[in-house]
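Descriptive analysis of the structure
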Amino acid sequence: MPSIETALTAVQAANQAGVAAELVLILDNPDSITISAAKRFETNARIELTNVRDLGAARNHGVGCALGRYIAFLDGDDLCCRNWLVAAYREAKQFSNPCIVHPKFNLFFGRDYSRYFWMHPDVRKDCIKLSRLLVENLWTSSVFAEKDTFIHFPYVRNDLKNGVGYEDWAFNVETAIAGVKHIVAQDTILFIRRNKESSLLVASAAHAVMPDFGRVFARYPSFMDRIDICL
């Protein structure tokens with residue numbers, strides 16, 4: 001499982017750099033094959049089983065399982081770079097305000113999928129208006145932040161049949177409205193696998209899904225006053 005292998009490499013690099021880290025594998029409603037594959041790594045990773053059957057809820061479960069001050073998420077299809085945890089940790093420690101750290105670069109790839117490459121914006125140097133964030137998800141789901149941030153802003157549960165999804169997008173909007181700064185770690189990259197035949201992204205598009213902005217707006221009713229101000 002390449003994703004787990006890259007995560008382990010990042011954890012090992014962090015520990016070698018003096019940043020204590022562990023890998024926790026959150027298996028949501030796994031079949032026997034998935035459990036068997038994960039157990040190959042149980043010497044170097046902690047396996048946690050859940051049956052919430054939802055990506056956002058599974059992440060929230062992972063927050064509860066985590067023991068450290070900081071948490072980083074990596075989806076099962078993605079590959080992180082070796083220095084990701086060290087670079088993100090150092091970036092967060094240098095930033096005086098609450099923040100969420102993202103990899104600087106993204107490379108999308110996959111069988112029969114056109115590769116493309118793009119950079120995450122950083123609110124310290126890029127003027128990002130909330131109005132743009134409401135129509136475009138500017139950051140991918142691979143994030144690094146303090147555990148308290150994820151506790152205060154839990155991921156929304158997806159409900160594709162009723163048109164609610166993109167839990168990471170809703171998370172980005174809610175945290176941005178609340179004043180949490182989205183920044184990037186220099187010299188980091190995330191490799192994101194895309195599968196045209198079967199993916200949550202494809203299912204979301206098929207159901208014309210939108211993020212659950214209703215919950216966000218109810219929590220921050222005055223957000224429209226800042227919609228054209230840089231975050």
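Check the entry above for the structure.
Residues numbered from 1 in each chain as written. Predicted model: local features only at pLDDT ≥ 70, side-chain atom pairs only at ≥ 80, totals over all residues. Heavy atoms only, no water.

Comments concerning the pattern of salt bridges
Taken as a whole and judged by the stated rule, the model has 11 salt bridges. Residue Arg46 is joined to Glu22 by a salt bridge in which the shortest nitrogen-to-oxygen separation is 2.6 Å. Taken together, the positions of Arg46 in strand 2 (residues 45-50) and Glu22 in the loop between helix 1 (2-16) and strand 1 (23-28) put the pair 24 residues apart, joining distant regions of the chain. Under the relative-accessibility criterion, Arg46 is labelled partly exposed at 23%. (Salt bridge = Lys/Arg side-chain N within 4 Å of Asp/Glu carboxyl O. Helix = DSSP H or I, 4+ residues; strand = E, 2+ residues; numbered from the N terminus. Buried < 20%, exposed > 50% of the residue type's maximum accessible area, 1.4 Å probe, protein only.)

With respect to the state of the cysteines
With the rule as written, the count across this model stands at one disulfide. The disulfide partner of Cys127 is Cys230, and the gap between their sulfur atoms is 1.7 Å. Here Cys127 and Cys230 share a disulfide; its torsion about the S-S bond, -50°, makes the bridge left-handed. Linking Cys127 in the loop between strand 6 (116-119) and helix 5 (130-133) with Cys230 in the segment after helix 9 (213-219), this pair joins segments that are 103 residues apart in sequence. (Disulfide = S-S within 2.5 Å.)

Notes on the pairing of strand 5 (residues 99-109)
Of all 11 residues in strand 5, nine are buried; the element is thus mostly enclosed. Relative to strand 8 (residues 181-193), strand 5 is paired through 10 bridges, and the arrangement is parallel. From the neighbouring strand, Asn106 faces strand 8, where its bridge partner is Leu190. Sheet topology places strand 5 next to strand 6; four bridges connect them, and they run antiparallel. The residue of strand 6 that forms the bridge with Leu107 is Phe117. (Pairing = 2+ DSSP bridges.)

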